[in-house]
Structures are given as C-alpha cells and as structure tokens.
Amino acid sequence: MVTSIGIDVGGTKIAAGRVDEKGSIVARARRSTPAQSPDAIATAIAELIAELHTDDVVAVGVACAGYIDRAGTTVLFSPNLAWRDEPLKERVATNTDLPVIIENDANAAAYGEFVHGAGRDLGHMVMVTVGTGVGGGIVSNGKLFRGAYGIGGELGHMLLVPGGRLCGCGNRGCVEAYGSGTALTRDARELVRSGAQFGRRLTDLCDGDADKLTGAMVTTAALEGDVASIDLLAQVGNWLGEATSSMASLLDPEGFVIGGGVADAGELLIDPMRSAYGRSLTGRGYRPVASFVRAELGNDAGVIGVAALAVNPGDR
C-alpha cells in the first residue's frame, strides 16, 4: 500500500492524516495552531509528519488558507496566520526526507472532491465552499486551475452587486457578502431583532438574544420545516446561483460541487442555487446545464486532497 500525509493548517487547528490510494484516512493526528508564530507552526507540522510517518508514506502535502505562489513554495499572504512571504515548502522540507507540496486549502479540497468525492466523474468542475466565507477551487481538464501567479479561484470575491454590502476583504458587493454563512447569520439576526412573528422559531432557538443566533441554528430550524429559515437559506442560494451563472460564463464547467458548513442544509440551499443558475445562465435553453451536487468529503476534503496532490504533483 502506498500512502501520503496530508496536513490542513487552519486558523485554530492543524488537521493531519495518512491517506491511502483510495482516499481513505488510515491514521489521524492534530495540533492547535500557534497562529502568531511561523516557527511554531513549522514545528507543529514537523511533529505531525513524524507522528504519521510509516514506511509506505511517499510524500507530504500541506494545505493552508492563503495565497500560494505559482511555484508552490511560498505563502505570499494568509489572512488568519502570521505568514507573509513565508517559505513554507522549504521549512517543511528541512524536517523530512519526503517530497513536499504546498497548496491553498480550497484548491486542495476541490482536488479531493474531484479525485475521491462528488466530482469524481467530472473532468471540468468548480467547487464552491459556503461557510463563514465563500471559497472555491477549479479543476479543468483534470488539473487544478491556479492562474498566472497561483492565486486564481478566489470565487467569493467576484463582484456580485456593484456598490453593495461591505465585504470582509474591504471591497463592496462580493459574492461572500451575500452568499456566505456570515450573510445568512446577519439576515437571520435582523429578522429576530425585528420582532416579527415570522421569525419566532429563530427567536426561540437563541432565547431572544439575536447576537447568540448562529447559522447552524438557522439550518436546524430549516430542516425542521421552519418557513422563515427555509426562506433565509433560499435567499443565500439565490445569490450563489446568480454567482455560479457568471462562473459558468467564464469557466463552462460540467458541474458544481457545493461544500462548507452551510451546505449541511442540503437541497434547501442547493435547489435555490440550481434554480437561480438556470434563470441567469447566458444562452439558457441552448447550452448544456451544469449539475449541482453536494460535496461528499466534509471537513476531510483538504487533508485528502492535498495528500492526493502530493502523490500527483503534476495536477497542480
């Protein structure tokens, strides 16, 4: 059996796994992320590699949130970690004799779904991750699309509403400002604060304190059949559907794979996306329509994807 180690560096935790050729995680390990210290992060990664290393491991992949240069050696910028022009590949490679690759976490998740998940039958796919923000990854002709400088695929920061809501990136009107878990929670809290009877179930879930309301609560209520919560998810889905129609005009994928925490709502999110996409698609009625499916790998997508990339570095 050939295995590889995948490591997913997040803002609060570092998840790692030894992954076999079928995409199964056969061993796991994790550490808390020492987010403010590049040296401490490198040490934690080295510890995880040592913990998971066995004779059948052939490569290591590290996924992280941030801009990775085209060569796959340097983290140019990470919003949640103290990495600025960080030579991460070199740091990791000095602590192991295995080949090492570095990749953006959303790209890694997309590749994981492409090889071992919901996109396994698609040669051209776009993964849209809907969580606190909106991320994504693009696979074209079986390979990751990364752009000229390695930072392509930032789907959440496409312009959706000119001059619209302020996004966390500092621009206005981004997809993320309308189609994310943050947007869902914002609109749900506004409904609770309004005192409208329509939002009574959400008011009950947060004990009347709108600031305590979470996106997960909205999803829970929607899955119970709460009409207001279903409507809130549909609004997010509509925005995302319009965004994916623009993505289709540019990328022409066979399918969209929808992941992230908000995708736990399943068809309550994806069906409105699919419908809005169909209504907004240029040339609708005269072109093939992309499929919309829910991601399969969940929180393991980054670990599985970057481990697979480490074995197939030519696909990045």
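Quantities reported herein were computed from a predicted structural model and do not represent experimental measurements.

Draft legend 1. Structural detail: the side chain of T219. Within the element layout of this structure, T219 appears in helix α7 (residues 215-224). Those residues in contact with T219 that lie beyond four places of it in its chain are L233, D264 and A265.

Draft legend 2. The state of the cysteines, seen in detail. Under the definition given, this model contains zero disulfides. In this model C167 remains outside any disulfide bridge; the closest cysteine sulfur is found in C169, 3.8 Å from its own. Classification of C167 by relative accessible area gives buried; the value is 6%. With no disulfide of its own, C174 lies closest to C169 among cysteine sulfurs, the gap being 3.7 Å. By relative accessible area, which is 2% here, C174 ends up buried.

Draft legend 3. Region of the structure containing the environment of G261. Relative to the assigned elements, G261 resides in the loop between β12 (255-259) and α9 (267-280). Sequence separation between G261 and N312 is 51 residues; the distance between their C-alpha atoms is 28 Å. Setting aside its immediate chain neighbours within four residues, G261 contacts V130 and G131.

Draft legend 4. Up close: the environment of I102. By the element assignment, I102 lies in strand β8 (residues 100-104). I102 sits in the buried class, given a relative accessible area of 0%. Measuring from C-alpha to C-alpha, the distance between I102 and L250 comes to 27 Å, with 148 residues separating the pair along the chain. Those residues in contact with I102, other than ones at most four positions away along the chain, are V62, I68, G72, L88, K89 and R316.

Draft legend 5. The sheet that holds strand β11 (residues 143-144), seen in detail. Taken in spatial order, the five strands of this open sheet run β11-β10-β9-β12-β13, and their pairing is mixed. Each edge of the open sheet carries a strand with a single partner, namely β11 and β13 (291-294). Relative to β13, β12 runs parallel, the two sharing four bridges. By the bridge assignment, F256 is partnered in β13 with F292. Against the sheet, helix α8 (residues 227-251) touches β9 (125-130), β10 (134-140), β12 and β13, its axis set at about 155° to β9. Running at roughly 165° to β13, α9 makes contact with β12 and β13 of the sheet.

Draft legend 6. The arrangement of the sheet that holds β8 in detail. With respect to topology, five strands assemble into an open sheet ordered β3-β2-β1-β4-β8, the strand pairing being mixed. Edge positions in the sheet fall to β3 (25-32) and β8, since each of these pairs with one other strand and no more. If you compare each strand with its neighbour and ignore which way they point, the axes differ by 20° on average. Two elements, strand β2 (residues 13-20) and β3, share seven bridges in a ladder whose sense is antiparallel. Of the residues in β3, the one forming a bridge with A15 is R30. Along the sheet face, helix α1 (residues 38-52) touches β1 (3-9), β2, β3 and β4 (57-64) and points at about 155° away from the line of β3.

Rules behind the numbers
Residues numbered from 1 in each chain as written. Predicted model: local features only at pLDDT ≥ 70, side-chain atom pairs only at ≥ 80, totals over all residues. Heavy atoms only, no water. Helix = DSSP H or I, 4+ residues; strand = E, 2+ residues; numbered from the N terminus. Contact = heavy atoms within 4.5 Å. Disulfide = S-S within 2.5 Å. Buried < 20%, exposed > 50% of the residue type's maximum accessible area, 1.4 Å probe, protein only. Pairing = 2+ DSSP bridges. Axes fitted to C-alpha atoms, helices over the stretch in contact; angles between N-to-C directions.

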